[in-house]
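Structural overview
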Amino acid sequence: MSVSLTRYLVEQQRAKGLIPSELRLLLEVVARACKSISHAVNKGALGSELGDVMGSAGSENVQGEVQKKLDIIANDVLIEANEWGGHLAAMASEEMDSIHVVPNRYPQGEYLLMFDPLDGSSNIEVNVSIGTIFSVLKKVDPSKGVSEDDFLQPGTQQVAAGYCVYGPQTTLVLTVGDGVAMFTLDREQGSFVLTQENVRIPADTKEFAINMSNMRHWDEPVKRYIDECLQGEEGPRGKNFNMRWIASMVADVHRILTRGGVFMYPWDKREPGKAGKLRLMYEANPMSWLVEQAGGAATNGQQRILDIQPTQLHQRVSVVLGSKNEVERVTSYHAQK
Ligand SMILES: O=P(O)(O)OC[C@H]1O[C@](O)(COP(=O)(O)O)[C@@H](O)[C@@H]1O
Ligand SMILES: [Mg+2]
Ligand SMILES: [Mg+2]
């Protein structure tokens, strides 16, 4: 008998006392929002009740990136769905400069939701997998009003993390601290159905993912690691490696959760003042917790990403994650630098 997302979460709540009902209800609201976004993505240029999702919105976000229409549509869907749900104090998003406090006309909850509403924006128009990434924290002091400082907690404080990938299938991947589970959207039933539990990432792999076109800008430890992979069985690694790069973090990480591999978006000299391209709070932290919960590892080259103390809502970080032994090797090369 198929197990729906709701049933899975209820069992986590009842059988294991892992998640309070408030958090379960919040995750169900996020899943419903992802279902609407998936529907719009699936319709593509045909347009949907969410409007025309293709092309640029012509505006810029706090990162200085030109926003796509779908970045904004997905952001609005998540805000609207979660605002009145009654489980949140506030939200933060890649597409919003500052936090969005839930208006007083709605019941206030004690959870904080952060999201990358549409990940892999450069792939929207070319029909390649994209997704939504989310992370949930709790307010530091429930008795006080909410502020941006409440969000600046290390990734170890997450109470839930996940992503939804909009590809040939729409798949929701989730952890509440008891391993990683995957749910596939059954479009006929209109609900997410459990398709895999206790996801495990193999410790070793022969597959790396990095944007090779940035090689000349990389730091020595990254160059050394990739060089050795490219030398294959004739080189110090004694085995051949394959390369993949989808340029949608959700899709690259989904592949790694499915069959292993190492994903890297390291610091590089193009913008030396930036720690990396990807964002700590709503890309790296949720993905790192999922990877660790599946037996993998995630560092910024120097330290465990989940231990990083955030100082800004939109801060960036260098990312090395996936199969444990490869992540440890890359990290050790940084230590030897
Ligand atoms: O275009 P590049 O340099 O390969 O970067 C691709 C990376 O940028 C991202 O698209 C950034 O995320 P957004 O699309 O949410 O801005 C990641 O999904 C992906 O891993
Ligand atoms: Mg992203
Ligand atoms: Mg995005």
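Residues numbered from 1 in each chain as written. Chains lettered and ligands numbered in written order. Predicted model: local features only at pLDDT ≥ 70, side-chain atom pairs only at ≥ 80, totals over all residues. Heavy atoms only, no water.

A word on the coordination of the magnesium ion (ligand 3)
The magnesium ion (ligand 3) binds to the protein through Glu94 (OE), Asp116 (OD) and Leu118 (O), with metal-donor distances spanning 2.0 to 2.2 Å. Sequence spacing of the donors to the magnesium ion (ligand 3): E-x21-D-x1-L. A distance of 3.6 Å spans the gap from the magnesium ion (ligand 3) to the magnesium ion (ligand 2), which aspartate 116 bridges by coordinating each metal. Taken together, the positions of glutamate 94 in the loop between β3 (88-93) and β4 (100-101) and aspartate 116 in strand β5 (residues 111-119) put the pair 22 residues apart, joining distant regions of the chain. (Donors = N, O, S within 2.8 Å, 3.2 Å for Na, K, Ca; no water. Helix = DSSP H or I, 4+ residues; strand = E, 2+ residues; numbered from the N terminus.)

Let's talk about the sheet that holds strand β17 (residues 319-322)
Taken together, the five strands give an open sheet; going across it, the order is β12-β11-β13-β17-β15, and neighbouring strands pair in mixed fashion. With one partner strand each, in any of the chains shown, β12 (242-243) and β15 (297-299) form the two edges of the open sheet. With two bridges joining them, strand β11 (residues 207-209) and β12 adopt parallel strand pairing. From the neighbouring strand, glutamate 207 faces β12, where its bridge partner is asparagine 242. Packing of helix α5 (residues 220-231) onto the sheet brings it into contact with β11 and β13 (262-265), and relative to β13 it is tilted by some 140°. Contacts between helix α6 (residues 249-259) and the sheet are confined to β11, β13 and β17, with β17 contributing the most and set at about 35° to the helix. (Pairing = 2+ DSSP bridges. Contact = heavy atoms within 4.5 Å. Axes fitted to C-alpha atoms, helices over the stretch in contact; angles between N-to-C directions.)

A short note on the pairing of β3
Taken across its six residues, β3 has six buried, putting it largely inside the fold. Note that β3 and β5 share five bridges and pair parallel. Residue pairing for β5: methionine 91 is matched across the bridge by leucine 113. Relative to β4, β3 is paired through two bridges, and the arrangement is antiparallel. Residue alanine 90 lies in a different strand from β4, and its bridge partner there is valine 101. Hairpin remark: β3 followed by β4, antiparallel, with six residues in the connecting loop. (Buried < 20%, exposed > 50% of the residue type's maximum accessible area, 1.4 Å probe, protein only.)

Description of the site of ligand 1
Around ligand 1, a shell composed of 18 residues is seen, among which Asp119, Gly120, Ser121, Met249 and Tyr265 lie nearest. Take glutamate 94: an N or O atom from its side chain is 3.0 Å from an oxygen atom of ligand 1. Here glycine 120 contributes a backbone N or O atom positioned 2.9 Å from an oxygen atom of ligand 1. Against a free-state accessible area of 470 Å², the protein chains account for coverage of 88% of ligand 1. Elements with a contribution of two residues or more to the shell around ligand 1: β5, β13 and β14 (278-279). If you tally residues by element for the shell around ligand 1, the top one is β5, at three residues. Per-class residue counts for the shell around ligand 1 are seven nonpolar, four polar and seven charged. Here the shell around ligand 1 gathers at least three residues from each of two domains, domain 1 (5-196) and domain 2 (207-336). (Near = heavy atom within 4 Å. Polar contact = N/O pair within 3.5 Å; in protein donor to acceptor, adjacent residues only side chain to side chain. Areas by Shrake-Rupley, 256 points an atom, 1.4 Å probe, with all protein chains shown as cover. Nonpolar A, V, L, I, M, F, W, Y, C, P; charged D, E, K, R; others polar. Domains from an automatic or database assignment.)

Focus on the pairing of β17
On a regular strand, each side chain points to the face opposite its neighbour's, so the side chains alternate between the two faces of the sheet. Side-chain alternation along β17 places Val319 and Leu321 on one buried face and Val320 and Gly322 on a second face that is also buried. Summarising the sheet, β13 and β17 pair through four bridges and their orientation is antiparallel. Its bridge partner lying in β17, phenylalanine 263 is registered against leucine 321. Where β15 meets β17, three bridges bridge the pair, whose relative direction is antiparallel. Directly across from threonine 299, in β17, lies its bridge partner valine 320.

Examining the coordination of the magnesium ion (ligand 2)
At 1.9 to 2.0 Å from the magnesium ion (ligand 2) lie its protein donor atoms, namely Asp116 (OD), Asp119 (OD) and Glu283 (OE). Counting the intervening residues between successive donors of the magnesium ion (ligand 2) yields the motif D-x2-D-x163-E.

Focus: the packing of helix α1 (residues 5-14) against helix α2 (residues 21-43)
Two elements in contact, α1 and α2, have axes whose closest approach is 10 Å; the angle formed by their N-to-C orientations is 160°. Here α1 lies roughly antiparallel to α2, going by the angle between them. α2 is crossed by α1, and the crossing has right-handed handedness. Taking contact as the criterion, the partners of Leu5, Thr6, Leu9, Val10 and Gln13 in α1 are, on α2, Ser21, Arg24, Leu27, Glu28 and Ala31. Considered class by class, the residues forming the contact of α1 with α2 number five nonpolar, three polar and two charged. (Parallel < 35°, antiparallel > 145°, perpendicular 65-115°, else oblique. Left-handed = near helix turned anticlockwise from the far one by under 90°.)

A short note on unusual backbone geometry
Positive phi values are uncommon outside glycine, yet asparagine 127 reaches one of about 55°. With respect to the helices and strands, the residue asparagine 127 is situated in the loop between β5 and β6 (130-138). On the basis of relative accessibility, which here comes to 74%, the residue asparagine 127 falls in the exposed class. Positive phi, normally seen in glycine, also occurs at asparagine 198, with a value near 50°.

So, the pattern of salt bridges
Counted according to the given criterion, the structure contains 21 salt bridges. Glutamate 207 is the partner of arginine 255 in a salt bridge, and the nearest nitrogen-oxygen pair spans 3.7 Å. Within this pair, whereas arginine 255 is found in helix α6, its partner glutamate 207 is found in strand β11, the two being separated by 48 residues in sequence. The residues arginine 255 and glutamate 207 share a single accessibility class, namely buried. One salt bridge in this structure joins glutamate 271 and lysine 274, with 2.9 Å as the shortest N-O distance. On the basis of relative accessibility, which here comes to 45%, the residue glutamate 271 falls in the partly exposed class. (Salt bridge = Lys/Arg side-chain N within 4 Å of Asp/Glu carboxyl O.)

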